[in-house]
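# Descriptive analysis of the structure
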Amino acid sequence: MVDQATLERLIDRATALNALAVVDRDAIAARGALPEGSAPLVLVKDNIAVAGLQWTAGSPGFADVRADRDATAVRLLRERGAVLPIKTTLHELAFGVTGANGWTGAIANPHDPARAAGGSSGGSAAALAVGLGDLSLVTDTGGSARIPASFCGVIGFRPSMGRYPSDGLIGLSPSRDTIGLMARELRWIVWADAMLAGGIPADAAVGRRTIGIASDDDLGELEPAVANAYGAMIARIEAAGHRVVTVDLAQVNALDEACGFPIALYQTHETLRAIAPDLAGRSFEELVAAVASPDVAHLLGLASDGATVTAAHYAQAIGHDWPALRAAYAAIFAGGVDHILLPTAPLVAPAIDTGPELSLNGRPAPTFPTITRFTRPDSMAGLPSISLPSGTDGQGMPIGMMLTGARHADAALLAFARSLLVG
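In this report, the structure presented in the accompanying data block is examined. Throughout this document, residue positions are counted from 1 along each chain, in the order its sequence is written. Given that the model is predicted, a residue must reach a pLDDT of at least 70 before its local features are reported, and side-chain atom pairs must reach 80 or more before they are shown or counted; all residues, however, enter totals for whole chains, interfaces and linings. Side-chain metrics in this entry use all non-hydrogen atoms of the structure; hydrogen atoms and water are not considered.

### Considering the pairing of strand S7 (residues 155-158)
Residue exposure (1.4 Å probe, protein chains only): buried if accessible area is under 20% of the type maximum, exposed if over 50%, otherwise partly exposed. Where helices and strands are cited, they refer to DSSP runs of H or I of at least four residues and of E of at least two residues respectively, numbered from the N terminus. Residues Ile155 and Phe157 point to one face of S7 and Gly156 and Arg158 to the other, with burial holding for every one of them. Note: two strands are recorded as paired if DSSP finds a minimum of 2 bridges between them. Pairing analysis gives three bridges linking S7 to strand S8 (residues 178-183), with the strands arranged antiparallel. If you follow isoleucine 155 over to S8, its bridge partner there is alanine 183. With three bridges joining them, S7 and strand S14 (residues 385-392) adopt antiparallel strand pairing.

Have a look at this one:
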């Protein structure tokens, strides 16, 4: 446990990166009086309810909202001794992947403040990367726990849908939203997973496993450093005695293209329209008018225009394409693959002022679909997935590698991840 003076310095560093939304110094001081190791310091993303603290989802439409009770996930960790005195910033409304926020300021990457921390859980990733906190409760809709973890050099875990309690969120898409976890050390993720999943899971033995990797066509364009890190991780897995096979991801990628965006947009409109009056005392239209980030305002406009995603389009996506996506993944795992290995993102953290386009190997590419290329399909299918730090590029920017498992195979996935980190 760090001493109070060191903790204050870490808070100052994280604050300078626009990573912190709330710091409850009374709770931090009380924690300092407890025995060593008895009270992990847990950061909480500011779209998750912590009793008595602000609950804004990083958007001025929720600026006056204070939570009157803990989200169940917060309560469960608090009951096991965790102290939750800090709320972290996010891409506004958790609706983006760079950490941009026109209200609270863009979240800077601790490895290079001229670069983005990633989104939407960028504040948590940046704060953990500078050494503040043991663990963070975050959310993941389409990569929000894993993309910032990759960009900032920490671990990000998305559990199987339904594994953790989901109340107390200002969410977007109930088919995709889940509480997730971030930490510098995997042991804290394993500890929290046991609490949030309802008990200590069996510690899965790590025997010889079969790891699926992507073909060049399914990978698409990568920055050279990311491609090298992917090759190095494959070699490491093979050297540990595991079997590596190429899997065909074309079908899951096509099905995600068909259903992911329509479901996310349609459900975001429905979700925010329902909660805005009850939580913030505003209409959906007033909430949208208050949005401070142009990219988020654009997406909410698409969500609510009634033409981008029609009711018929949504019915096809939710009723046919989504079940087909889950079935396609199930077939891969039923065919003998234990985990799928992909880069978390095809590039390292882009510039902090990245807009609708970024540069990938010197050529323009659309920001959102490029960054989420690998995290979208497994999110839509509700699968467990973890991003592990996997070295850096030539400028010292972190690279993440991502392992995905079959639905409800979270314990096996975490055990395999641990074997790679300690092996």
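### Digging into helix H4 (residues 122-129)
The buried count for H4 comes to seven of eight residues, which makes it a mostly enclosed element. Buried within H4 we find Gly122, Gly123, Ser124, Ala125, Ala126, Ala127 and Leu128. Backbone geometry just downstream of H4 places glycine 131 in the positive-phi region, at approximately 105 degrees.

### Describing the packing of aromatic side chains
Planes of paired rings set the category: under 30 degrees apart is stacked, over 60 is edge-to-face and the rest tilted, where pairs are Phe, Tyr or Trp rings (Trp by its six-membered ring) whose centres lie within 6.5 Å. Counted according to the given criterion, the structure contains two aromatic pairs. A ring pair is formed by tryptophan 188 and tryptophan 191, whose centres lie 5.8 Å apart and whose planes are at 85 degrees; its orientation type is edge-to-face. Pair noted here: tryptophan 188 and tryptophan 191 are both in helix H6 (residues 186-196), with a separation of three residues, about one helical turn. An angle of 10 degrees between the planes, with centres 4.0 Å apart, marks the rings of tyrosine 266 and tyrosine 314 as stacked. Linking tyrosine 266 in helix H9 (residues 250-280) with tyrosine 314 in helix H12 (residues 311-334), this pair joins segments that are 48 residues apart in sequence. With a relative accessible area of 24%, tyrosine 266 lands in the partly exposed category. Stacked on the ring of tryptophan 322, the Lys or Arg arginine 326 has its end atom at 4.1 Å from the ring centre. In our convention, an over-ring charge means Lys NZ or Arg CZ found within 6 Å of a ring centre and within 35 degrees of that ring's normal.

### With respect to the sheet that holds strand S6 (residues 135-140)
Taken together, 11 strands build an open sheet; the order of strands is S1-S3-S2-S6-S8-S7-S14-S15-S11-S9-S10 and the sheet is mixed. Bordering the open sheet on either side are strand S1 (20-23) and strand S10 (243-247), each of which pairs with just one other strand. Going across the sheet, the axis of each strand differs from the next one's by a mean of 30 degrees, ignoring polarity. Judged from the four bridges that link them, strand S2 (residues 41-45) and strand S3 (residues 83-88) form a sheet pairing that is parallel. Across the sheet, residue leucine 43 finds its bridge partner in S3, namely isoleucine 86. Residue contacts follow a heavy-atom distance rule, with two residues in contact if any of their heavy atoms lie within 4.5 Å. Inter-axis angles, ranging from 0 to 180 degrees, are taken between N-to-C directions of lines fitted to C-alpha atoms, where helices are fitted over the stretch in contact. Packed on one face of the sheet, helix H1 (residues 4-16) meets S1, S2 and S3 and runs near 145 degrees to S1. The strands touched by H12 are S10, strand S11 (339-343) and strand S15 (398-405); relative to S11, the strand with the most contacts, the crossing angle is about 115 degrees.

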